[in-house]
Amino acid sequence: MDEPFQPVIVGFLCNWCSYRAADLAGTARIHYAPTMRPIRVMCTARIEPEFVLKALREGADGVMIAGCHPGECHYVEGNIKALRRFKLLKLLLRQLGVEDERVQLVWAAASEGKQLAEAVDRMTEQIRPLGPLRWKQTVLAAAEVGG
Amino acid sequence: MSKLKFAMYWAASCGGCEISLLNIGEDILAVDAAFDIVFWPCAADFKYKDVQGYPDGYIDLCLFNGAIRNSENEEMAHLLRRKSKTLVAFGSCAYEGCIPGLSNLTTKAATLRAAYSDSYSGDESRTVLPQPVTQVPEGELHIPLFYETVRALDQVVPVDYIMPGCPPESHQIAAVVKAIISGAELPKPGGTVIGAGQVAVCEECPLAKNVKQITRFYRPYELVPEPGLCLLEQGLLCMGPATRSGCGALCPRVNMRCEGCYGPLDGQDQGARILSAVASVVNVGKAGEGEAEMEAAIEAAMETLADPAGTFYRFSMAHSLLQRTRF
Ligand code: SF4
Ligand code: SF4
Ligand code: FES
């Protein structure tokens, strides 16, 4: 039987909410797709667009940015900064041939372990039919042979 | 003492870099006094076979301008690397792809179609696409192979120095050339940027920033900016925050947005950096409004940006993190 494709999702999680939500999902033993590799950041505003591009270049099939709900950011409006970047990043990525489903922004409070787990499940299911991204092996490798 | 050997070569470029070197004024006489030209298709009649005949490392200084867009560019990059002691990626095309690199946002097929069949001046009934090999009665004709992806020089061969700019500013070229002639010690080679600054264009820009937020962007022809005020805060997509200094903020000084021709600062992706700066000037609507209204306000402002990828990476697409579009 063919194993279903397990996408690699790099998750940038805010320390004050979504990282704790992921922790909670773990301690509450919620079952969800083992596809997200969490990276803790102090706030979603810390996530430079470069982090996302680099993750996609280096082998991620998708990137999840997760932070506090609007109005609840520990640094008042870091998440609104992140939201503005995210909206523009999507326009840019579309032009570069990266499907919308591959980069997502999620709000999950510290108590919302279930919501975070569901978001990972949902994103995994959405990326599956798109297949692997493999930016280096496909897009960049083709450039290197001059083809 | 015998003179130093000088070469300059153009690959995929416009020729502006050659002009910029000639434009250094009377300092060009010092170049002539210090160097023997051994290859420079724009200015002197040497052939490729002359270069092939030189011993390796024969050329002391080679300024290579132009991106790598076809097989001829690539061959010349390898040849000149081998024959040169010091190879400089001269100007934005060699450094980061520049305008030719914008075709990385589309495909080879679409580029050729635009040039050879969809152009207004062409006669569509007679469209002939360039063929690498053609049979004629006299034999076989070969032309260089056009590549799918434009690359920067350092993505093909190692370069010693990089001189950014489209084209590099004359005073910067003159300073570098004089330093070489005087035997002054240059920074350690290895893809090192010379002839440019270490801060963003904004730092050299005299226009006033007021932390103003905007609800839409304008293309240059849509707005006559107010003098004295930061262009980005007026809705013109100025690349100053994400662009390396070195030109003295030439464009904003005359109320034109910086287009980004000096490329990114060390270790940065120019498009990603300007994206953050642009996002930070976008108004999110009135305080206390709901999330949906806020998102709508942001989206409406972003949608007035005509071509984010082509604008943010106008000069650095080929050297950016993702390098090209996926298709
Ligand atoms: S964004 Fe442009 S106009 Fe504004 S300060 Fe920077 S260089 Fe000057
Ligand atoms: S202001 Fe920007 S576009 Fe103009 S010369 Fe300087 S770096 Fe180039
Ligand atoms: S602290 Fe969580 S998004 Fe800013």
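Being a predicted model, the structure only gives us computed values, none of them experimental.

Novice: How should unusual backbone geometry be read in this particular structure?
Specialist: Most of the time, phi is negative for any residue but glycine, and the peptide bond is trans. Going from B:Cys166 to B:Pro167, the amide bond is cis rather than trans, its omega being -10°. Along the chain, B:Pro167 falls in the loop between strand 9 (161-163) and helix 8 (170-181). Despite not being glycine, A:Val76 has its phi angle at roughly 70°, a positive value. Structurally, A:Val76 can be placed in the loop between strand 3 (62-67) and helix 3 (78-95). Looking at A:Val76, the relative accessible area reads 63%, which means it is exposed. Backbone geometry places A:Arg134, a non-glycine residue, at a positive phi of 45°. Topologically, A:Arg134 is positioned in the loop between helix 4 (113-127) and helix 5 (136-144).

Novice: Sorry if this is basic, but what is going on with the packing of aromatic side chains here?
Specialist: One pair of aromatic rings is described through two measures. These are the centre distance and the angle between the planes. Following the criterion strictly, the structure yields eight aromatic pairs over all chains and no others. Among the aromatic residues, those joined into a cluster by ring pairs are B:Tyr9, B:Phe39, B:Tyr48 and B:Phe64. Against the face of A:Tyr19 rests A:Arg40, its NZ or CZ located 4.8 Å from the ring centre. One Lys or Arg, B:Arg216, reaches over the ring of B:Tyr218 and ends 4.1 Å from the middle of that ring.

Novice: What is the right way to read the nonpolar core from this model?
Specialist: It is characteristic of soluble globular proteins that their nonpolar side chains tend to be buried jointly. Of all hydrophobic cores here, the largest spans 60 residues; its most connected members are A:Leu56, B:Val278 and B:Phe312. Among the elements that take part in this core, helix 3 of chain A stands out by supplying seven residues, more than any other. Sequence-distant contacts of A:Leu56, defined by excluding residues within four places in its chain, comprise A:Val63, A:Leu93, A:Val98, A:Val103, A:Leu133, A:Trp135 and B:Leu322. Core analysis: the second largest hydrophobic core is formed by 25 residues, B:Tyr9, B:Phe39, B:Tyr54 and B:Ala77 among them.

Novice: So what exactly am I meant to see when it comes to the site of ligand 1 here?
Specialist: Around ligand 1, the structure places B:Val201, B:Cys202, B:Cys205, B:Leu207, B:Lys209, B:Cys230, B:Leu231, B:Leu232, B:Cys238, B:Gly240, B:Pro241 and B:Pro252. Here the shell around ligand 1 is composed, by residue class, of 10 nonpolar, one polar and one charged.

Novice: Explanation requested: the site of ligand 2 in the structure shown.
Specialist: Around ligand 2, a shell composed of B:Thr243, B:Cys247, B:Leu250, B:Cys251, B:Pro252, B:Cys258, B:Glu259, B:Gly260, B:Cys261 and B:Tyr262 is seen. Residues belonging to the shell around ligand 2 are distributed by class as follows: seven nonpolar, two polar and one charged.

Novice: Quick question: what am I supposed to make of the environment of B:Gly195 here?
Specialist: All names here are of chain B. As for its position among the elements, Gly195 is in the loop between strand 10 (192-193) and helix 9 (250-253). Measuring from C-alpha to C-alpha, the distance between Gly195 and Gly246 comes to 7.1 Å, with 51 residues separating the pair along the chain. Beyond its immediate stretch of four places on either side in the chain, Gly195 contacts Met163, Gln172, Val176 and Tyr262.

Novice: Looking at this structure, I do not really get the side chain of B:Gln270. What am I missing?
Specialist: Residues and elements named next belong to chain B. On the secondary structure map, Gln270 appears in helix 10 (residues 270-280). Reaching out from Gln270, the side chain makes a polar contact with the side chain of Thr243 at a distance of 3.0 Å. Ignoring anything within four residues of it in the chain, the contact list for Gln270 reads Glu96, Met239, Ala242, Thr243, Gly260, Gly263, Pro264, Phe312 and Ser316.

Novice: Can you walk me through the domain arrangement of chain B in this structure?
Specialist: How big an interface is tends to be stated in terms of accessible area lost as the parts join. Residue and element names in this part refer to chain B. Domains assigned within chain B are domain 1 (4-100 + 150-193), domain 2 (108-147) and domain 3 (201-319). Opposite the 19 residues of domain 1 that make contact, domain 3 presents 16 residues. Together domain 1 and domain 3 conceal approximately 1300 Å² of surface at their shared face, both sides included; 52% is due to carbon and sulfur atoms. Looking at the side of domain 1 facing domain 3, the largest losses of area belong to Tyr95, Glu96 and Glu169, adding up to 38% of the total buried there. Applying the counting criterion to the domain 1 and domain 3 interface returns zero salt bridges. Along the contact surface separating domain 1 from domain 3 lie six residue pairs in polar contact (both at pLDDT 80 or more). Mapped onto the side of domain 1 that touches domain 3, the elements with two or more residues apiece are helix 5 (92-96), helix 6 (98-101), strand 8 (146-151) and helix 8.

Novice: I tried to follow the sheet that holds strand 3 of chain A on my own but got confused; where do I start?
Specialist: The strands making up a sheet associate through hydrogen bonds between their backbones, and the pairing can be parallel or antiparallel. All names here are of chain A. Taken in spatial order, the four strands of this open sheet run 2-1-3-4, and their pairing is parallel. One side of each edge strand has no neighbouring strand; the edge strands of this open sheet are strand 2 (36-41) and strand 4 (103-107). For this sheet the average axis-to-axis angle between neighbouring strands, irrespective of direction, equals 20°. Across five bridges, the pairing between strand 3 and strand 4 is parallel. Residue Ala66 lies in a different strand from strand 4, and its bridge partner there is Val106. Along the sheet, helix 1 (residues 18-27) contacts strand 1 (9-14), strand 2 and strand 3; its crossing angle with strand 1, the most-contacted strand, is approximately 115°. Contacts from helix 4 reach strand 1, strand 2, strand 3 and strand 4 within the one sheet, and its direction differs from that of strand 3 by about 160°.

Cut-off values and rules
- Residues numbered from 1 in each chain as written.
- Chains lettered and ligands numbered in written order.
- Predicted model: local features only at pLDDT ≥ 70, side-chain atom pairs only at ≥ 80, totals over all residues.
- Heavy atoms only, no water.
- Helix = DSSP H or I, 4+ residues; strand = E, 2+ residues; numbered from the N terminus.
- Buried < 20%, exposed > 50% of the residue type's maximum accessible area, 1.4 Å probe, protein only.
- Phe/Tyr/Trp six-rings, centres within 6.5 Å; stacked < 30°, edge-to-face > 60°.
- Lys NZ or Arg CZ within 6 Å of the ring centre and 35° of its normal.
- Core = buried A, V, L, I, M, F, W, Y, C linked by side-chain atoms within 4.5 Å.
- Contact = heavy atoms within 4.5 Å.
- Near = heavy atom within 4 Å.
- Nonpolar A, V, L, I, M, F, W, Y, C, P; charged D, E, K, R; others polar.
- Polar contact = N/O pair within 3.5 Å; in protein donor to acceptor, adjacent residues only side chain to side chain.
- Domains from an automatic or database assignment.
- Buried area = accessible area lost by both parts, 1.4 Å probe.
- Salt bridge = Lys/Arg side-chain N within 4 Å of Asp/Glu carboxyl O.
- Pairing = 2+ DSSP bridges.
- Axes fitted to C-alpha atoms, helices over the stretch in contact; angles between N-to-C directions.

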